[in-house]
2 protein chains.
Amino acid sequence: MTPNDWQMIRKSALFNRLTDEAVRDFVTSNAIVDVERGALICVQGEPAEHYHIVLQGLVKLCRHSAHGQSAVISIHGPSQAFMEAETLSSGVYSATAEAVSAVRLVKIDASNLRQRIGRDPELALSMLGSTSIHLKVLLEHVEKLKILTGPARLADFIVSLAGPQTGSAEVVLPYEKQLIAGQLGMTPESFSRALSQLRRHGVQVNRDRLEVKNIDSLREFIARSM
Amino acid sequence: MTPNDWQMIRKSALFNRLTDEAVRDFVTSNAIVDVERGALICVQGEPAEHYHIVLQGLVKLCRHSAHGQSAVISIHGPSQAFMEAETLSSGVYSATAEAVSAVRLVKIDASNLRQRIGRDPELALSMLGSTSIHLKVLLEHVEKLKILTGPARLADFIVSLAGPQTGSAEVVLPYEKQLIAGQLGMTPESFSRALSQLRRHGVQVNRDRLEVKNIDSLREFIARSM
DNA sequence: CGACTACTTGAACAAAATCAAATGGGGTGG
DNA sequence: CCACCCCATTTGATTTTGTTCAAGTAGTCG
């Protein structure tokens, strides 16, 4: 385990309230795994035996339905966890996790986790915190899918990348446009057109670099589309 | 507290694993509240001081955004809980809860709950189970919003009302069509038209009663729209 | 009876998906 | 180093889907 690994683990919602010893005790070094791009980390419907925390790279969570269609649910980067809830209730993965880039992650044994939760109330609360963050993210996801148009969802995505800044900003798209399109619930074509539309609102595009003239005017555009 | 109240509480995901004493100890009778139709039970953004379990009636959860628009997130009936996650993490309600009909519910004090979770691991696991159910529901919600068309989402809703039966079935819409429309992410007009379309697939409409000739052909229609 | 509300229907419009084709790097093998 | 291919992205044309606005129907409750 590298110092960076340790740092990511410590930052995660599950472990950031615990003591060093508790965490070290938990994460045995053999639980760290490297996975190549495109590999499936978990498959929807299979027994949920591990909880995961990303150390490096990006993981895509998607649901797929009987007829081969699939929907991107979320993207997880370093220090973020996924598949917590499954390991504790249904016992079956409710989505498929795929490595979007080369990925390094910690796999934590589910039954081990369950046992420790029973013994350590602080861990239980951390776990609840972690799942409730995911719940909130999904809540916002649904809200935006229902209320905003495509271009507005993209604008919202860009604003969230820019963070709390005001005025002008340079934003770099964190992954492929296709994938962002999927996450925002549209086709790559629609994404491309949405991006074109945003030019009128002060967004200049250069590959994966976006030059935003005025973030607040983007925010205003979002508000107008509701 | 009526026997029915007690039954609903015992059936809830939070309490169904606990002993009678533990539950009785928890739910003091003064925590039971009756609320009239249309009343707001929680307001998005306000401090989350209570966790809720529905005893009678229906509660609608919605998110609303700055510009007055709102999106229905979910509908909760007897024995279902809502706002669990909030009481344990952010400390602020992340949605607004409104009584869709006359509602009777239990309000459980958040700080009390937190304390008990710290002492009782079994309760912590129940809580995790309860939130992870909500997580799964939302996951499916997102999937369907992204993959299915309006009429297909409605068909899916009807199929889920019918349950596991096959062949023909009579289904009664559990609440107003407007509300179902909102939940499925469409306007009342679109809902009405979607329902008309389903006539071609063997659904006869009479007020809130639906006569489905063959549920499997509805399922097939859903699959085809993907 | 009359007002209210939920629902339905129609027509015009807007948004997004689809199909098809062009563009344009990035990398591979010659 | 260059030609070539692969893949992501863009663009155009068309169709599908869904919204909006407007009007009409019907049941309900006072």
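Residues numbered from 1 in each chain as written. Chains lettered and ligands numbered in written order. Predicted model: local features only at pLDDT ≥ 70, side-chain atom pairs only at ≥ 80, totals over all residues.

## A look at the overall build of chain A
Here is step 1 of the chain: In terms of helices and strands, chain A carries nine helices and eleven strands.
Here is step 2 of the chain: Its C-alpha atoms give chain A a radius of gyration of 19 Å, within 12% of the compact-globule value 17 Å for 226 residues.
Here is step 3 of the chain: A principal-axis box enclosing the C-alpha atoms of chain A has dimensions of 55 × 40 × 30 Å.
Here is step 4 of the chain: Once local pairs closer than 6 in sequence are excluded, the contacts in chain A between residues at least 24 apart make up 72%. (Helix = DSSP H or I, 4+ residues; strand = E, 2+ residues; numbered from the N terminus. Rg over C-alpha atoms; globule rule 2.2 N^0.38 Å. Contact = placed C-beta atoms within 7 Å.)

## Overview of the sheet that holds strand 8 (residues 103-109) of chain A
Residue and element names in this part refer to chain A.
Here is step 1 of the chain: Spatial strand order, 1-8-3-6: four strands in an open sheet with antiparallel pairing. The sheet terminates laterally at strand 1 (32-35) and strand 6 (81-82), the two strands that pair on one side only.
Here is step 2 of the chain: Here six bridges tie strand 3 (residues 50-56) to strand 8, and the two strands are oriented antiparallel to one another. For isoleucine 53, the partnering residue across the bridge sits in strand 8 and is valine 106. (Pairing = 2+ DSSP bridges.)

## Considerations on the relation of the copies chain B and chain A
Here is step 1 of the chain: Each copy of the sequence occupies a distinct position, and chain B is placed on chain A by a rotation of 180 degrees and an axial shift of 0.1 Å, giving an RMSD of 0.1 Å. Taken together, the rotation and translation relating the two chain copies correspond to the operation of a two-fold axis.
Here is step 2 of the chain: Take the interface residues of chain B: 100% of them recur as interface residues in chain A, which is what a same-surface contact looks like. (Least-squares fit on C-alpha atoms with pLDDT ≥ 70 in both.)

## Quick word on the interface of chain B and chain A
Here is step 1 of the chain: Contact with chain B, which involves 39 residues of that partner, is made by 39 residues of chain A.
Here is step 2 of the chain: Of all the secondary structure elements, the ones that give two or more residues to the side of chain B that touches chain A are strand 5 (70-76), helix 3 (84-88), helix 4 (110-119) and helix 5 (121-147) of chain B.
Here is step 3 of the chain: Here the element with the most residues in the side of chain B that touches chain A is helix 5 of chain B; it accounts for 20 residues.

## As for the protein's contact with DNA strand C
Here is step 1 of the chain: Not every one of the 17 residues close to DNA strand C is listed here, only the nearest: Thr149(A), Gly150(A), Ser190(A), Lys177(B) and Ser192(B).
Here is step 2 of the chain: For the surface near DNA strand C, the secondary-structure elements that each account for two or more residues are helix 6 (150-162) and helix 8 (188-199) of chain A together with helix 7 (177-183) and helix 8 (188-199) of chain B.
Here is step 3 of the chain: When grouped by side-chain class, the residues that make up the surface near DNA strand C number five nonpolar, seven polar and five charged. (Near = placed C-beta within 6 Å. Nonpolar A, V, L, I, M, F, W, Y, C, P; charged D, E, K, R; others polar.)

## Describing the packing of helix 5 (residues 121-147) of chain A against helix 4 of chain B
Here is step 1 of the chain: Contact geometry for helix 5 of chain A and helix 4 of chain B: axes closest at 7 Å, N-to-C directions at 130 degrees. As summarised for this structure, helix 5 of chain A and helix 4 of chain B are arranged oblique, according to the angle between their axes. Taking contact as the criterion, the partners of Pro121(A), Ala124(A) and Leu125(A) in helix 5 of chain A are, on helix 4 of chain B, Ile117(B), Gly118(B) and Arg119(B).
Here is step 2 of the chain: Taken together, the residues that form the contact of helix 5 of chain A with helix 4 of chain B break down as four nonpolar, one polar and one charged. (Axes fitted to C-alpha atoms, helices over the stretch in contact; angles between N-to-C directions. Parallel < 35°, antiparallel > 145°, perpendicular 65-115°, else oblique.)

## Some remarks on the sheet that holds strand 7 (residues 96-99) of chain B
Here is step 1 of the chain: Judged by pairing direction, the sheet is antiparallel, and its four strands sit side by side in the order 2-7-4-5 (chain B) without closing on themselves. Edge positions in the sheet fall to strand 2 (40-42) and strand 5 of chain B, since each of these pairs with one other strand and no more. Across the sheet, the mean angle separating the axes of adjacent strands is 30 degrees when strand polarity is ignored.
Here is step 2 of the chain: Of the strand pairs in this sheet, strand 4 (residues 59-64) of chain B and strand 5 of chain B are connected by six bridges, and their pairing is antiparallel. Bridged to Val59(B) within strand 5 of chain B is His76(B).
Here is step 3 of the chain: Helix-sheet contacts for helix 5 of chain A involve strand 4 and strand 5 of chain B, and the interaxial angle to strand 5 of chain B is about 125 degrees.

## Let's talk about the nonpolar core
Here is step 1 of the chain: In this structure, Val59(A), Ala155(A), Val59(B) and Ala155(B) are the most contacted members of the largest nonpolar core, which totals 128 residues.
Here is step 2 of the chain: Excluding its chain neighbours within four sequence positions, the residues that come into contact with Ala155(A) are Leu198(A), Leu218(A), Phe221(A) and Ile222(A). (Core = buried A, V, L, I, M, F, W, Y, C linked by C-beta atoms within 7 Å. Buried ≥ 20, exposed ≤ 12 C-beta atoms within 10 Å, placed from the backbone.)

## Focus: the environment of Leu128(A)
Here is step 1 of the chain: With respect to the element layout, Leu128(A) can be found in helix 5.
Here is step 2 of the chain: The class of Leu128(A) is buried, set by 25 C-beta atoms lying within 10 Å.
Here is step 3 of the chain: Taking C-alpha positions, Leu128(A) is 9.1 Å from Ala85(A), a pair spaced 43 residues apart along the chain.
Here is step 4 of the chain: Every residue in contact with Leu128(A), bar those within four places of it in the chain, is listed here: Leu88(B), Met127(B), Leu128(B) and Thr131(B).

## Concerning the pairing of strand 10 (residues 203-206) of chain B
Residue and element names in this part refer to chain B.
Here is step 1 of the chain: The pairing of strand 10 with strand 11 (residues 209-212) spans four bridges and is antiparallel. The residue of strand 11 that forms the bridge with glutamine 204 is glutamate 211.
Here is step 2 of the chain: The hairpin turn running from strand 10 into strand 11, its antiparallel successor, is two residues long, and arginine 207 in that turn takes a positive phi close to 55 degrees.

## Things to note about the protein's contact with DNA strand D
Here is step 1 of the chain: In the region of DNA strand D, 17 residues are neighbours, and Lys177(A), Gln178(A), Ser192(A), Gly150(B) and Ser190(B) sit closest.
Here is step 2 of the chain: Within the residue set of the surface near DNA strand D, elements represented by two or more residues are helix 7 (177-183) and helix 8 of chain A together with helix 6 (150-162) and helix 8 of chain B.
Here is step 3 of the chain: Top contributing element to the surface near DNA strand D by residue count: helix 8 of chain A, with six residues.
Here is step 4 of the chain: Within the surface near DNA strand D, the residues separate by chemical class into five nonpolar, seven polar and five charged.

## What about the pairing of strand 7 (residues 96-99) of chain A?
All names here are of chain A.
Here is step 1 of the chain: Here two bridges tie strand 2 (residues 40-42) to strand 7, and the two strands are oriented antiparallel to one another. Counted as the bridge partner of leucine 40 is glutamate 98 from strand 7.
Here is step 2 of the chain: Pairing of strand 4 (residues 59-64) with strand 7, which is carried by four bridges, proceeds in the antiparallel orientation. Across the sheet, residue lysine 60 finds its bridge partner in strand 7, namely glutamate 98.

## Topic: the packing of helix 6 of chain A against helix 9 (residues 215-224) of chain A
Each pair of packed helices gets described by two things: the angle between the helix axes and the distance between those axes.
Residue and element names in this part refer to chain A.
Here is step 1 of the chain: Between helix 6 and helix 9, whose axes approach to 9 Å, the crossing angle comes to 145 degrees. Here helix 6 runs over helix 9; the crossing is left-handed. Packed against helix 6, whose contacting residues are Ala152, Ala155, Asp156, Ile158, Val159 and Ala162, the element helix 9 presents Ile215, Leu218, Arg219, Phe221 and Ile222 at the interface.
Here is step 2 of the chain: Partitioned by chemical class, the residues of the contact of helix 6 with helix 9 number nine nonpolar, no polar and two charged. (Left-handed = near helix turned anticlockwise from the far one by under 90°.)

## Some remarks on unusual backbone geometry
Here is step 1 of the chain: We note that Arg207(A) has phi near 55 degrees; this positive angle belongs to a residue other than glycine.
Here is step 2 of the chain: Using a count of 8 C-beta atoms within 10 Å as the deciding quantity, one classes Arg207(A) as exposed.

Functional significance is not addressed by these values, which are geometric in nature.
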